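# Architecture at a glance
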Amino acid sequence: MKITHADVIVTSPDRNFVTLKLTTDDGLTGLGDATLNGRELAVVAYLREHIVPLLIGRDAHAIEDTWQFLYRSAYWRRGPVTMAAIAAVDVALWDIKAKAAGMPLYQLLGGASRTGLLAYGHASGKTLDELFDSVRQHQEKGYRAIRVQTGVPGLKSIYGIASNATFEANTGVRYDHEPAQRGALPAEEDWDTRSYLRHVPTVFEAVRNEFGPELPLLHDGHHRMTPIQAAQLGKSLEPYDLFWLEDVTPAENPEALRLVRQHTTTPLAIGEIFNTVWDYQQIIREQLIDYVRSAVTHTGGITHLKRVLEYAAQYQIKSGMHGPTDISPVGMAAAMHLGLSIHNFGIQEYMQHGDKTNSVFEQSFTWSNGLLHPGNKPGLGVDLNVDEAGKYPYETAYLPYNRLADGTVHDW
Ligand code: EZ4
Ligand code: CO
């Protein structure tokens, strides 16, 4: 079975998505997500200029060989652009193989290890009242685990808060929370770590008092703290029993997490911006984290993320795959098939896409009792409606960035 066509489809229903569609001489098609938020066209060029020409005529069944060929023959390894492009090819080939086998993909990955995937959504609020409403809305939507992000007194606009007025005005969609904004320049947000560290524990105390001890609560520090600040935060949140505390430090420096670990038993999650097993090697071996945050889309596809998660399993570290709205329905489906099949599944992030996105991507997953399931159609279970996709051309959009009060650029 040979690959005869490879099309890179860019569409912007609600937000930008990049999808690779492979077609074989048997007439089977496979989809892969290659969306890299705010840098989408770099992956488009990488695919169109450098990968598509290599794929035509290749054996569509040779998934491992194609992965190794694309990774090693480039000479220039790793990095988000390369690994998103390889991921798209890998997932599209798994989609094709599963369709050829007449099975949902999770069956080829070893079969279901559970009935469904516990998923968490993003509650947020500038004030406690707004936050409590948002938590309740998420419970009404069926969520049984909830991420809590809060405004900080004195800071106007910060990561994780849903009231993204520009985004809502431009799209009519309220994503809880979509940080990328359409426009020629990135939005500027403000930041003050000391105010944040003082305020966050008071919010978790209030949320625990309101919603009780059972509800799993998560929080994202979004790469903003120094190691000692991260240690302080982990310690101050211990009474509120978090499911995890995410991205406490930028983590380019894995040793930073040793210091955090010495000081807190709050579980740690990291890795949404990592893209290979090499980024994780030390932090898994030294057991510096509890959850792997990588998305299939950004970590070389199912072939490579499965390798990372099998390594993690040896250390009782579990999956916590990234699932914001910038992971397309194709990327989400890949995550669900992988999550259903592995033994060390932890939790799946699930933010829910908007109506336009759902009209472009026809999906077969289910969401009930707080659990996701990828469905039982052969392959990934996602089709791309090319006519609908064509209605929404690419629009420039950037993630925001941070400045401190004195004007210094800070990690976002
Ligand atoms: O900022 O997906 O845990 N989720 C996150 C996300 C990321 C965006 C970046 O594209 O940190 O909201
Ligand atoms: Co995150």
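In the annotation of an unreviewed UniProt entry, the entry for the chain reads D-galactonate dehydratase family protein, and the organism field reads Subtercola vilae.

Here we come to the overall build of the chain. Helix and strand counts for the chain come out as 14 helices and 20 strands. Relative to its length of 412 residues, the chain is compact, with a C-alpha radius of gyration of 20 Å against a globular reference of 22 Å. The principal-axis extents of the C-alpha atoms in the chain amount to approximately 60 × 45 × 40 Å. Within the chain, buried positions represent 59% of all 412 residues.

Turning our eyes to something else, we now look at the coordination of the cobalt ion (ligand 2). Protein-derived ligands of the cobalt ion (ligand 2) are Asp-220 (OD), Glu-246 (OE) and Glu-272 (OE), with the metal-ligand distances lying across 1.9 to 2.1 Å. The site at the cobalt ion (ligand 2) holds six donor atoms, and with the angles between them running 24 to 178 degrees, its shape is irregular. Donor residues for the cobalt ion (ligand 2) sit on one chain with the sequence pattern D-x25-E-x25-E. One end of the pair, Glu-246, is in strand S9 (residues 244–246); the other, Glu-272, is in the loop between strand S10 (268–270) and helix H10 (277–285), and 26 residues separate them in sequence. For Glu-272, a relative accessible area of 10% translates into the label buried.

So, about the sheet that holds strand S7 (residues 188–190). Taken in spatial order, the three strands line up as S7-S19-S20 in an open sheet, and their pairing is mixed. Both edges of this open sheet fall to S7 and strand S20 (409–410), since each of them pairs with a single strand only. Where S7 and strand S19 (residues 401–403) come together, three bridges link them in parallel fashion. When the bridges of S19 are listed, Glu-189 appears paired with Asn-402.

Counting across every chain of the model gives 16 aromatic pairs. Ring centres of Phe-132 and Phe-211 lie 5.6 Å apart, and the angle between their planes is 90 degrees; on these two criteria the pair is classed as edge-to-face. Taken as a pair, Phe-132 in helix H5 (residues 128–140) and Phe-211 in helix H7 (residues 193–211) lie far apart in primary sequence, 79 residues in all. In this structure Phe-132 comes out as buried when scored by relative accessible area, which is 12%. Using a relative accessible area of 16% as the deciding quantity, one classes Phe-211 as buried. Taking the centre distance of 5.2 Å and the plane angle of 55 degrees together, the rings of Trp-244 and Tyr-291 count as tilted. Taken together, the residues Trp-244 in strand S9 and Tyr-291 in strand S11 (residues 291–292) connect sequence positions 47 residues apart. Here Trp-244 matches Tyr-291 in class, with each residue buried. The structure contains a cluster of three or more aromatic residues connected by ring pairs, namely Tyr-120, Phe-243, Trp-244 and Tyr-291. We note Arg-15 situated over the ring of Phe-17; from NZ or CZ to the ring centre the distance is 5.9 Å. For Arg-224, the ring lying beneath its charged end belongs to Trp-191, and the centroid distance is 4.6 Å.

Here the focus is the environment of Thr-82. Summarising the element assignment, Thr-82 is placed in helix H3 (residues 80–101). By relative accessible area, Thr-82 is classed as buried at 10%. When the C-alpha positions of Thr-82 and Gly-300 are compared, they lie 8.2 Å apart, and in sequence the two are 218 residues distant. Other than its neighbours up to four places away in sequence, Thr-82 contacts Tyr-46 and Trp-76. A polar contact is formed between the side chain of Thr-82 and the backbone oxygen of Arg-78, at a distance of 3.4 Å.

For the structure on display, the rule yields 18 salt bridges. Between Asp-220 and Arg-147 there is a salt bridge, with the nearest N and O atoms lying 3.2 Å from each other. One end of the pair, Asp-220, is in strand S8 (residues 217–220); the other, Arg-147, is in strand S5 (residues 146–150), and 73 residues separate them in sequence. Among the residues examined, Arg-147 registers a relative accessible area of 0% and is labelled buried. Among the salt bridges present, the one from Arg-403 reaches Glu-188, with a minimum N-O distance of 3.4 Å. Pair noted here: Arg-403 is in strand S19 and Glu-188 is in strand S7, with a separation of 215 residues, a long-range link. One continuous salt-bridge network, built from bridges that share partners, spans Glu-246, Glu-272, Arg-293 and Glu-349.

With that out of the way, let us pick up the sheet that holds strand S3 (residues 29–33). If you trace the three strands from one edge of the open sheet to the other, you get S1-S2-S3, paired in antiparallel fashion. Sheet topology places strand S1 (3–11) and S3 at the edges, where each strand pairs with a single neighbour. In this sheet, adjacent strand axes meet at a mean angle of 20 degrees when their direction is disregarded. Relative to strand S2 (residues 17–24), S1 runs antiparallel, the two being bridged by eight bridges. Directly across from Val-10, in S2, lies its bridge partner Val-18. Packing of helix H1 (residues 40–55) onto the sheet brings it into contact with S1 and S2, and relative to S1 it is tilted by some 170 degrees. H3 rests against S1, S2 and S3 of the sheet, and its axis sits at about 150 degrees to S3.

Packing of H7 against helix H8 (residues 227–237) leaves a shortest axis separation of 9 Å and a crossing angle of 15 degrees. Classed by the angle they form, the pair H7 and H8 counts as roughly parallel. Seen from above, H7 lies across H8 with right-handed handedness. Every residue of H8 that contacts H7 at Thr-193, Tyr-196, Leu-197, Val-200, Pro-201 and Phe-204 is listed here: Gln-229, Gln-232, Leu-233, Ser-236 and Leu-237. For the contact of H7 with H8, the per-class residue count stands at seven nonpolar, four polar and no charged.

Definitions and cut-offs
- Residues numbered from 1 in each chain as written.
- Chains lettered and ligands numbered in written order.
- Predicted model: local features only at pLDDT ≥ 70, side-chain atom pairs only at ≥ 80, totals over all residues.
- Heavy atoms only, no water.
- Helix = DSSP H or I, 4+ residues; strand = E, 2+ residues; numbered from the N terminus.
- Rg over C-alpha atoms; globule rule 2.2 N^0.38 Å.
- Buried < 20%, exposed > 50% of the residue type's maximum accessible area, 1.4 Å probe, protein only.
- Donors = N, O, S within 2.8 Å, 3.2 Å for Na, K, Ca; no water.
- Tetrahedral: all angles 85-135°; square planar, octahedral: opposite > 155°, others 65-115°.
- Pairing = 2+ DSSP bridges.
- Phe/Tyr/Trp six-rings, centres within 6.5 Å; stacked < 30°, edge-to-face > 60°.
- Lys NZ or Arg CZ within 6 Å of the ring centre and 35° of its normal.
- Contact = heavy atoms within 4.5 Å.
- Polar contact = N/O pair within 3.5 Å; in protein donor to acceptor, adjacent residues only side chain to side chain.
- Salt bridge = Lys/Arg side-chain N within 4 Å of Asp/Glu carboxyl O.
- Axes fitted to C-alpha atoms, helices over the stretch in contact; angles between N-to-C directions.
- Parallel < 35°, antiparallel > 145°, perpendicular 65-115°, else oblique.
- Left-handed = near helix turned anticlockwise from the far one by under 90°.
- Nonpolar A, V, L, I, M, F, W, Y, C, P; charged D, E, K, R; others polar.

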